[in-house]
Amino acid sequence: MKLRIGQGYDVHILVEGIPLVLGGVQIPHTHGLKSHSDGDALTHAMCDALLGALSLRDIGYHFSDKDPANKGRNSLEFLKIVMEMIREEGYEVNNIDVTVVLEAPKVNPHVPAMKKALCETMAIREEDLSIKATTSEGVSFVGRKEGIAVFAVCLLYKVTDNFGGM
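For the structure given in this document, a descriptive report is provided here. Only a predicted model underlies this, so the values are computations on that prediction, with no experimental measurement involved.

1. A short note on unusual backbone geometry
- The peptide bond linking A104 to P105 adopts the cis configuration, its omega dihedral lying at 0 degrees.
- Within the element layout of this structure, P105 appears in the loop between β5 (91-101) and α4 (111-122).
- Although it is not a glycine, E137 adopts a positive phi angle of roughly 55 degrees.
- Within the secondary structure layout, E137 lies in the loop between β6 (129-134) and α5 (140-143).
- Overall, the relative accessible area of 69% leaves E137 in the exposed class.
- The phi dihedral of K145 is positive, around 65 degrees, even though this residue is not glycine.
- Among the secondary structure elements, K145 is positioned in the loop between α5 and β7 (147-158).
- K145 sits in the exposed class, given a relative accessible area of 53%.

Calculation notes
- Residues numbered from 1 in each chain as written.
- Predicted model: local features only at pLDDT ≥ 70, side-chain atom pairs only at ≥ 80, totals over all residues.
- Heavy atoms only, no water.
- Helix = DSSP H or I, 4+ residues; strand = E, 2+ residues; numbered from the N terminus.
- Buried < 20%, exposed > 50% of the residue type's maximum accessible area, 1.4 Å probe, protein only.

That's the geometry; what it means functionally is another story.
Next comes the structure, spelled out in structure tokens:
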């Protein structure tokens, strides 16, 4: 069985007065994530992990922040397109593991809604996506409540050989 692993990482600055979107879910908070799109750092890190697993570059390559079409765009749209790319290559998701590092607000109460939104978008089972949340204990830009960091890893497995062999 052919397996591929990918790793993704994303950071964004927290800015007062804009919506906070993580994992496709709007979370009540005074600050949101500054970005050209909706700033969903969790979904961005997942996209990078998936793309990286198949050496398909990164999210910025496919969805440039210079492209006006991506201004304010829902990151679940990026994820859906990335999953189409993964399946075109003949792969499926075995599992994805995500760690969100954020001081406030608390992420854990929103994990079930995030998993639902993300798994529906990717057409995978919720048991194949893990979302964990932690703080940085007051250390770094995250600890000072200036931003967020998200780490993601994924494992893909080959289902079909669409391109005549590997």
